[in-house]
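If you want the building blocks of each chain, they are given just below.
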Amino acid sequence: MLLNRKEKQILIAEACGYKKGKANVNLDYSSADGFWHEGRFYIGTTHLPDYFGSLDVMHKVEKLIPEDKFGDYKSMLEWVMYLGHFSPEYRVNRLIHATAADKAEAFGRALRLW
């Protein structure tokens, strides 16, 4: 099954602690769907972090990768960036320039979110 970018964004958000839900009944928008995170409610998906466009956001996400999965993440990042057949030195140099989209895709694949 192919997922679009928004669907992937939701899966990454859930892996980072966002929970799908509805607003509390005492709010004006009690029937609104959205996400809870750190005690706050965000309506819809427009307020989710921009995993595919912000290196700052992906830097925070990388800190959440379990140590036993970091090797999988690095390997998947090399795969996403088509670096498998290059020398180790070249791969390291290219990994430094990974985009947020590269990192988000590798994160989702390494953690088997898609």
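See the structure above.
Enquirer: For this particular structure, what's the right way to read the packing of helix α3 (residues 67-80) against helix α5 (residues 100-110)?
Expert: For any two helices packed against each other, the geometry comes down to the angle between their axes and how far apart the axes lie. Interhelical geometry of α3 versus α5 gives an angle of 130° and a closest axis separation of 8 Å. Between α3 and α5, the angle is such that the two are oblique. Read as a crossing pair, α3 and α5 show a hand that is right-handed. Residues Lys69, Asp72, Tyr73, Met76, Leu77, Trp79 and Val80 of α3 lie in contact with α5, whose contacting residues are Asp102, Lys103, Glu105, Ala106, Phe107, Arg109 and Ala110. Here the contact of α3 with α5 is composed, by residue class, of eight nonpolar, no polar and six charged.

Enquirer: When you look at the environment of Phe107 in this model, what are you seeing that I'm missing?
Expert: Along the chain, the position of Phe107 falls in helix α5. Residues Phe107 and Met76 lie 31 residues apart in sequence; the distance between their C-alpha atoms is 7.7 Å. When near neighbours in sequence (up to four residues on either side) are disregarded, Phe107 contacts Ile12, Ala15, Met58, Val61, Ile65, Tyr73 and Leu113.

Enquirer: Even after reading the chapter, I still don't get the sheet that holds strand β1 (residues 19-22), so can you show me in this structure?
Expert: Across a sheet, strands are paired by hydrogen bonds formed along the backbone, either parallel or antiparallel in direction. The strand order across the open sheet built from three strands is β1-β2-β3, with neighbouring strands paired in antiparallel fashion. Both outer strands of the open sheet, β1 and β3 (40-43), are each paired with one neighbouring strand and no more. When the angles between neighbouring strand axes are averaged without regard to direction, this sheet yields 40°. Of the pairings in the sheet, the one linking β1 to strand β2 (residues 33-37) comprises four bridges and is antiparallel in character. Bridged to Gly21 within β2 is Gly34.

Cut-offs used in this document
- Residues numbered from 1 in each chain as written.
- Predicted model: local features only at pLDDT ≥ 70, side-chain atom pairs only at ≥ 80, totals over all residues.
- Heavy atoms only, no water.
- Axes fitted to C-alpha atoms, helices over the stretch in contact; angles between N-to-C directions.
- Helix = DSSP H or I, 4+ residues; strand = E, 2+ residues; numbered from the N terminus.
- Parallel < 35°, antiparallel > 145°, perpendicular 65-115°, else oblique.
- Left-handed = near helix turned anticlockwise from the far one by under 90°.
- Contact = heavy atoms within 4.5 Å.
- Nonpolar A, V, L, I, M, F, W, Y, C, P; charged D, E, K, R; others polar.
- Pairing = 2+ DSSP bridges.

Function cannot be inferred from these measures alone, as they are strictly geometric.
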